[in-house]
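# Survey of secondary and tertiary structure
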Amino acid sequence: MARNDPRFVCKTCGATRPRWAGKCDACGAWNSIIEETSREGAPKGLGKGKGRTLDFVDLRSAQGNVARYPSGMVELDRVTGGGLVRGSSVLLAGDPGIGKSTLLLQAASALAANGVRADYISGEEGIEQIRLRADRLGLTEAPVRLATATSVRDILTSLESGKPADVIVVDSIQTMYLDTLDSAPGTVSQVRGAAQELIRHAKLSGSVLLLVGHVTKEGQIAGPRVLEHMVDAVLYFEGERNHQFRIVRAVKNRFGPTDEIGVFEMTGAGLAEVSNPSALFLNPERGPVPGAAVFAGIEGTRPVLIEIQALVAPGPPGSPRRTVVGWDSGRLAMVLAVLEAHTGFSLSSSDVFLNVAGGLRIGEPAADLAVAAAIVSSYSKRPVPEGSTVFGEIGLSGEVRPVPQHAARLKEAAKLGFSQAIVPNVGGGRNGYEPAPAEISLSRIALIDELADLLASPNETGFVGVSVGRT
Ligand code: TYD
Ligand code: MG
């Protein structure tokens, strides 16, 4: 490509293409392709000069364990795998207003209080604004060094003079710019270029770099996905803005697990940690109602009980609506198709709405059976019996498959006072559920039509612990 030729870049994923298009082929985003002038010339090859010879080393580390800075915020440390790793870069991505700045100001203060040198650099807010927030959070005494800047050159010059910081927060990467690039802050090339320089500094100095990235659906700035491959860990900060619960989820982590979540509650004085989230997504005051089922899920290493709500309502002929919040819509379509094929329910003329209570997003296939139970319950207008929890995966042929960690799920359900569980029928000792808590009676089902039978004909006390599955 000749110098300064325009090229077209997707703001969402960073893919380049020769022509403009309404939809990005790479990530499927609409209206995300913009024109950027390229400064790079054609690849020139290496030419003649010889490079430096590399020193190859073995895999054994001389240091033993990686050095980490635990923040002392248990929920955050859980997601990062025990603390921030020296020299690593972490991207905290989330919708505007979800609480990223609040979380990182709290984390920086907690670190600083433990003697970690923490710098907080904001390109979005003024010093007084940040101080006001610190005041609201009760953190004005924390020895965090605060600065506002948007020029990466200024930031690096300041960081390189004097003692290096242990942790550097940059809020947000979309406001930072490199003066060597022509494009405006927030464009794909600026976001990438600025991040690259900051990450290089972190690697060389051993500081931890925490970058804030706004998720942008529309608008003119590049999203965090263009950075995901450059950083060591990507944390997503999720939650409904009008819900108080916030979840930090690792989607990539070179130094820890990626299936853990950290749960927080946004209060008037900042984010409070929720160490026992199980009870959070339940509705204990309300008795059983049709269309609600409690799923015994696993988030990372923790069992979490979550209410799943379904509403099956007659819809206009021809175009039934399927609306899902907190679950995969493709998976809902599959569960509906399996229910229709195996139970004789006619769902294709009904609208189906599905909601995961509390603003959580579930990814586990183990939720299939709970979703099916909520749908069957709403369809048949009979509540799932009080005190019961559900888990299991559903296959296309209508079979209910076992899922991992059933012992942990049942234990958590027993702890929260549940007395019954609808579970897959697995083989083995006490039919595969040894050791199951004695307080819970199990209804094991092997096929989806047994679920419909089970919920359609409960006796007065709800269904009892009879195994209707094949043993
Ligand atoms: P913020 O951290 O500024 O979000 P982000 O950096 O992701 O854009 O948080 C903004 C929201 O959080 C704002 O709507 C107000 C709310 N909030 C509280 O409810 N309590 C608090 O103590 C703070 C600091 C913010
Ligand atoms: Mg912010």
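This text gives an overview of the structure that appears in the document. (Residues numbered from 1 in each chain as written. Chains lettered and ligands numbered in written order. Predicted model: local features only at pLDDT ≥ 70, side-chain atom pairs only at ≥ 80, totals over all residues. Heavy atoms only, no water.)

Moving on to the overall build of the chain. Assigned secondary structure in the chain consists of nine helices and 23 strands. The buried share of the chain, taken over its 471 residues, is 50%. Considering only intrachain contacts with a sequence separation of at least 6, the fraction spanning at least 24 residues in the chain is 67%. Put simply, the chain shows about 22,300 Å² of open surface, and 52% of that area lies on carbon and sulfur atoms. (Helix = DSSP H or I, 4+ residues; strand = E, 2+ residues; numbered from the N terminus. Buried < 20%, exposed > 50% of the residue type's maximum accessible area, 1.4 Å probe, protein only. Contact = heavy atoms within 4.5 Å. Areas by Shrake-Rupley, 256 points an atom, 1.4 Å probe, with all protein chains shown as cover.)

So, about the layout of surface pockets. The calculated volume of the second largest pocket comes to roughly 370 Å³. No other element matches the three residues that strand β15 (residues 292-299) contributes to the lining of the second largest pocket. (1 Å grid on protein atoms, 1.4 Å probe; cavity = no way out; pocket = protein on both sides within 12 Å on 5 of 7 lines; lining within 4 Å. Points joined across faces, edges and corners; volume = space filled by probe spheres on them.)

Our next topic: unusual backbone geometry. Cis geometry is adopted by the peptide bond preceding Ser172, which originates at Asp171 and carries an omega value of -5°. Turning to its location among the elements, Ser172 is positioned in the loop between β9 (167-171) and α5 (188-205). Phi is positive for Asn31, which is not a glycine, with a value near 55°. For Asn31, the position within the fold is in the loop between β2 (16-17) and β3 (33-37). On the basis of relative accessibility, which here comes to 57%, the residue Asn31 falls in the exposed class. A positive phi angle is found at Lys381, which is not glycine, with a value near 55°.

Moving on, we get to the site of ligand 1. The full set close to ligand 1 counts 16 residues, and Gly97, Ser101, Thr102, Arg133 and Gly270 are the nearest of them. Measuring from an oxygen atom of ligand 1, one finds a backbone N or O atom of Gly270 at 2.6 Å. Contributions of two or more residues to the shell around ligand 1 are made by α2 (100-113), α3 (127-137) and β13 (261-267). Residue composition of the shell around ligand 1, by class: five nonpolar, seven polar and four charged. (Near = heavy atom within 4 Å. Polar contact = N/O pair within 3.5 Å; in protein donor to acceptor, adjacent residues only side chain to side chain. Nonpolar A, V, L, I, M, F, W, Y, C, P; charged D, E, K, R; others polar.)

This next bit is on the sheet that holds strand β14 (residues 270-273). The strand order across the open sheet built from nine strands is β8-β7-β9-β10-β6-β11-β12-β13-β14, with neighbouring strands paired in mixed fashion. Both outer strands of the open sheet, β8 (145-148) and β14, are each paired with one neighbouring strand and no more. In this sheet, adjacent strand axes meet at a mean angle of 25° when their direction is disregarded. As defined by bridge partners, strand β12 (residues 245-253) adjoins β13 across five bridges and the pair is classed as antiparallel. Bridge pairing in β13 places Val248 opposite Gly262. (Pairing = 2+ DSSP bridges. Axes fitted to C-alpha atoms, helices over the stretch in contact; angles between N-to-C directions.)

This paragraph deals with the sheet that holds strand β22 (residues 420-424). On the basis of which strands lie adjacent, the open sheet formed by seven strands has the order β17-β18-β16-β15-β19-β22-β23 and mixed pairing. What marks the edges here is a single partner per strand, and that holds for β17 (322-325) and β23 (441-445). Taking the axes of each pair of neighbouring strands and ignoring which way they run, one obtains an average angle of 25° across the sheet. In the sheet, strand β16 (residues 302-314) pairs with strand β18 (residues 350-356) via seven bridges, with the strands oriented antiparallel. Note that in β18 the partner of Gln309 across the bridge is Asn355. Across the face of the sheet, helix α7 (residues 368-380) comes into contact with β15, β16, β18, β19 (388-390), β22 and β23 while running at roughly 35° to β16.

Counting 62 residues, the largest nonpolar core has Ile375 and Leu451 as the members making the most contacts within it. Among the elements that take part in this core, α7 stands out by supplying eight residues, more than any other. Core analysis: the next-biggest nonpolar cluster, separate from the first, contains 35 residues, Ala108, Ile130, Val144 and Leu210 among them. (Core = buried A, V, L, I, M, F, W, Y, C linked by side-chain atoms within 4.5 Å.)

On to the environment of Gly239. Within the secondary structure, Gly239 sits in the loop between β11 (233-238) and β12. It is 9.0 Å that separates the C-alpha atoms of Gly239 and Asp95, two residues lying 144 residues apart in sequence. Once you skip the residues sitting within four places of it in the chain, Gly239 turns out to touch Ile98, Phe245 and Gly359.

Counting across every chain of the model gives two aromatic pairs. Between Phe237 and Phe264, the ring centres sit 6.5 Å apart and the planes meet at 90°, which makes this aromatic pair edge-to-face. Here Phe237 is found in strand β11, whereas its partner Phe264 is found in strand β13, with 27 residues between them in sequence. The class for Phe237 is buried, based on a relative accessible area of 3%. (Phe/Tyr/Trp six-rings, centres within 6.5 Å; stacked < 30°, edge-to-face > 60°.)

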